[in-house]
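Listed here are the chains, written in short residue letters.
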Amino acid sequence: QVQLVESGGGLVQPGGSLRLSCAASGFTFTAHSMSWYRQGPRKERELVAVITTSDGDTHYAASVKGRFTISRDNGKNTMYLQMNSLNPEDTAVYLCNARDLYNGLVYWGKGTLVTVSS
């Protein structure tokens, strides 16, 4: 069974940091591009960051570039998102996504809620 499980969300003060994790199972992790999306209560789902196959191949949304860092540990089948200098605009459900590099099939996690507030 394919499974993507996010963790690490919660309540954090503006300027604080959180580290999200996405644990993958049921598929060949190294054959998939991994990414983080987010969706606020009044916004469309948007791509936050993507890591194709390794830590050296990453891309970020302009709104998070310089503050967030995406990484993956292929030995642990896990992807991470280090979020620093958080602000209320970062409040959203963050979702893990996997895309098969060969046939384009995608998988989604259920998401973890990040709330940035005083």
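Look a little higher up for the structure.
Residues numbered from 1 in each chain as written. Predicted model: local features only at pLDDT ≥ 70, side-chain atom pairs only at ≥ 80, totals over all residues. Heavy atoms only, no water.

## Some words on the overall build of the protein
Reasoning step 1: Counting secondary structure elements, the protein contains zero helices and eleven strands.
Reasoning step 2: Starting at the N terminus and ending at the C terminus, the protein contains elements arranged as β-β-β-β-β-β-β-β-β-β-β.
Reasoning step 3: A compact globule built from 118 residues would reach a C-alpha radius of gyration of about 13 Å, and the protein, at 14 Å, matches this within 12%.
Reasoning step 4: The principal-axis extent of the C-alpha atoms belonging to the protein is close to 40 × 25 × 25 Å.
Reasoning step 5: A total of 118 residues make up the protein; the buried ones form 40% of that total.
Reasoning step 6: When the accessible area of the protein is evaluated, it comes to approximately 6,300 Å², of which 48% is carbon and sulfur surface.
Reasoning step 7: A distance of 3 Å separates the average location of the 11 positive side-chain charges in the protein from that of its 9 negative side-chain charges. (Helix = DSSP H or I, 4+ residues; strand = E, 2+ residues; numbered from the N terminus. Rg over C-alpha atoms; globule rule 2.2 N^0.38 Å. Buried < 20%, exposed > 50% of the residue type's maximum accessible area, 1.4 Å probe, protein only. Areas by Shrake-Rupley, 256 points an atom, 1.4 Å probe, with all protein chains shown as cover. Lys, Arg positive; Asp, Glu negative; His and termini not counted. Charge placed at Lys NZ, Arg CZ, Asp CG, Glu CD.)

## Description of the state of the cysteines
Reasoning step 1: The full count for this structure, using the stated rule, is one disulfide.
Reasoning step 2: Through a disulfide, cysteine 22 is tied to cysteine 96; the S-S separation comes to 1.9 Å. On the S-S bond that ties cysteine 22 to cysteine 96, the torsion sits near -75 degrees, and the link is left-handed. Residue cysteine 22 is found in strand β3 (residues 18-25), and its partner cysteine 96 is found in strand β9 (residues 92-100); the two are separated by 74 residues along the sequence.
Reasoning step 3: Take cysteine 22: its relative accessible area is 0%, and that puts it in the buried class. (Disulfide = S-S within 2.5 Å.)

## Points about the packing of aromatic side chains
Reasoning step 1: Taken as a whole, this structure holds two aromatic pairs when the rule is applied.
Reasoning step 2: Across the ring face of tyrosine 80, the terminal group of arginine 19 is positioned such that the distance to the ring centre comes to 4.0 Å.
Reasoning step 3: Positioned over the ring face of phenylalanine 29 is arginine 72, at 4.4 Å from the centre of the ring. (Phe/Tyr/Trp six-rings, centres within 6.5 Å; stacked < 30°, edge-to-face > 60°. Lys NZ or Arg CZ within 6 Å of the ring centre and 35° of its normal.)

## What about the sheet that holds strand β1 (residues 3-7)?
Reasoning step 1: Read across the open sheet, the four strands follow the order β1-β3-β8-β7; overall the sheet is antiparallel. Sheet topology places β1 and β7 (68-73) at the edges, where each strand pairs with a single neighbour. Averaged over all adjacent pairs, the angle separating strand axes in this sheet is 15 degrees, with direction ignored.
Reasoning step 2: Summarising the sheet, β3 and strand β8 (residues 78-83) pair through six bridges and their orientation is antiparallel. Each bridged residue has a counterpart across the sheet, and for leucine 20 the counterpart in β8 is leucine 81. (Pairing = 2+ DSSP bridges. Axes fitted to C-alpha atoms, helices over the stretch in contact; angles between N-to-C directions.)

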